[in-house]
Amino acid sequence: SVGFAQTQERTLYFEPTITTQGANEIVSALRTITETPQLAIDETRKSLTLRGTAAQVATAEWLFEQLSNPSGGTAKFTIPGAPDQMVQVFYFANLSMPMGIAQAVNALRTVAEIQRMMACQGAHAIAMRGTAGQAALAEWIVNALDKPADWQPPESERWASYDYSASLTHGDTASAVRVFYTAHLDKPQDLTEVLNLTRTVAEVQRMFGVSERNAVVLRDTPARAALAEWLLNALDQPAGWQPSADQNPARYEYREDSPRSMGQTDFARVFYLEPAITQQALSALTNRIRVSVGVQRMFATTAHHAIALRGTASQVTAAERLVTARK
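Residues numbered from 1 in each chain as written. Predicted model: local features only at pLDDT ≥ 70, side-chain atom pairs only at ≥ 80, totals over all residues. Heavy atoms only, no water.

Tell me about the sheet that holds strand β15 (residues 297-301), and name the residues and values.
The strand order across the open sheet formed by 4 strands is β13-β14-β16-β15, and the pairing between neighbours is antiparallel. Two strands bound the open sheet, and with one partner strand each, they are β13 (250-255) and β15. Taken over all neighbouring pairs, the strand axes of this sheet differ in orientation by 10° on average, direction set aside. Where β13 and strand β14 (residues 265-272) come together, 6 bridges link them in antiparallel fashion. Bridge pairing in β14 places tyrosine 254 opposite aspartate 266. Sitting on the sheet, helix α8 (residues 313-325) touches β13, β14 and β16 (306-311), and the angle it makes with β14 is about 15°. (Pairing = 2+ DSSP bridges. Helix = DSSP H or I, 4+ residues; strand = E, 2+ residues; numbered from the N terminus. Axes fitted to C-alpha atoms, helices over the stretch in contact; angles between N-to-C directions. Contact = heavy atoms within 4.5 Å.)

Go over helix α6 (residues 222-235) with me, naming the residues and quoting the values.
For α6, with 14 residues, the first-to-last C-alpha span of 20 Å sits near the 20 Å given by 1.5 Å per residue. Summarising burial for α6: 10 of the 14 residues are buried, a large majority. Buried residues of α6: Ala223, Arg224, Ala225, Leu227, Ala228, Trp230, Leu231, Leu232, Ala234 and Leu235, and no others. (Expected span 1.5 Å × (residues − 1). Buried < 20%, exposed > 50% of the residue type's maximum accessible area, 1.4 Å probe, protein only.)

Lay out helix α1 (residues 20-34) in plain terms, naming residues and giving numbers.
Since the α-helix turns once every 3.6 residues, residues separated by three or four places project in the same direction. Taking 1.5 Å of rise per residue, the 15 residues of α1 would be expected to cover 21 Å, and the 21 Å separating its terminal C-alpha atoms lies within 8% of that figure. Restricting attention to buried positions, one finds in α1 the residues Gly22, Ala23, Glu25, Ile26, Val27, Ala29, Leu30, Ile33 and Thr34. Residues of α1 that are buried sit in contact with β3 (38-42), β4 (47-53), α2 (54-68), β6 (86-91), β7 (117-120) and β8 (125-130). Looking one or two residues past α1, glutamate 35 carries a phi angle of roughly 60°, positive in sign.

Just give me the short version of the nonpolar core, but keep the residues and values in it.
If you look at the biggest cluster of nonpolar residues, it comprises 32 residues, and the most contacted ones within it are Ile126 and Val179. At the level of secondary structure, the elements contributing two or more residues to this core comprise β6, α3 (99-111), β8, α4 (132-145), β9 (159-167), β10 (174-181) and β12 (215-220). Here the element with the most residues in this core is α4; it accounts for 8 residues. Counting 30 residues, the second largest nonpolar core, distinct from the first, contains Val194, Met207, Ala225 and Tyr272. (Core = buried A, V, L, I, M, F, W, Y, C linked by side-chain atoms within 4.5 Å.)

Okay, structure coming up:
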């Protein structure tokens, strides 16, 4: 190695068995994660020369070793001189490459707000960099998703919960993180439709569906996470399922926990309609409710023959009258 000023240089050698694609993945991961300014690959010598600060070089050397010689589980490294900056490598045992791991990357970016991340197909891994809090949350999410293809949780464990200490962007209460393992949303289009419904009614933005595991990962205030949980449970039903008369509509009382809301209370409803209803009739009913009642947080799902909405007590009562009147 050569040191001058505060810059160091290292030459690292790839394993003889590594492919050109695998080497390029490692180089891309080092650029993304370590911010090492100078990286030069020599395909003839199968080597990588890197130049940067002592901290950048140390981080790059560690990450190079982890991706060149996958070990399984989770590997962690604290960046020298930055005690709250960590690099982690997650080795997946079950999720497929590229689709399953790509979905896990998108879930981590969405829910944990981690931007410096790279999937490496050769190592069957994800490399990421973030704060200690982000690293802990990411590890929890990865463990929650990296399940065998035929794995199903017991009914009582369909929700996995994590209390995240970081505050929301707008200074609201601490975040609640949830992973919901669906039992019946096994078609990607059905999962997408229910995700869009939940975003609309519960106003949850940090949410992502992992179709390979029929799972939903979300993060928001505890009250919004609870409303999302209720909506997902209400719609994750077997094909042909119909509620009893006393369970239609499904009812939920929602109290906003944002300090700005001053304890505002809304009411949520899920109206289960007859399976024979046409898409045209469902759209017409939804538009009638929106125009007549003035409710905006509403979404109709054709796959589940249902309308979900959230509003004031008078709005949901008026909506219920319109649904009942069409029968």
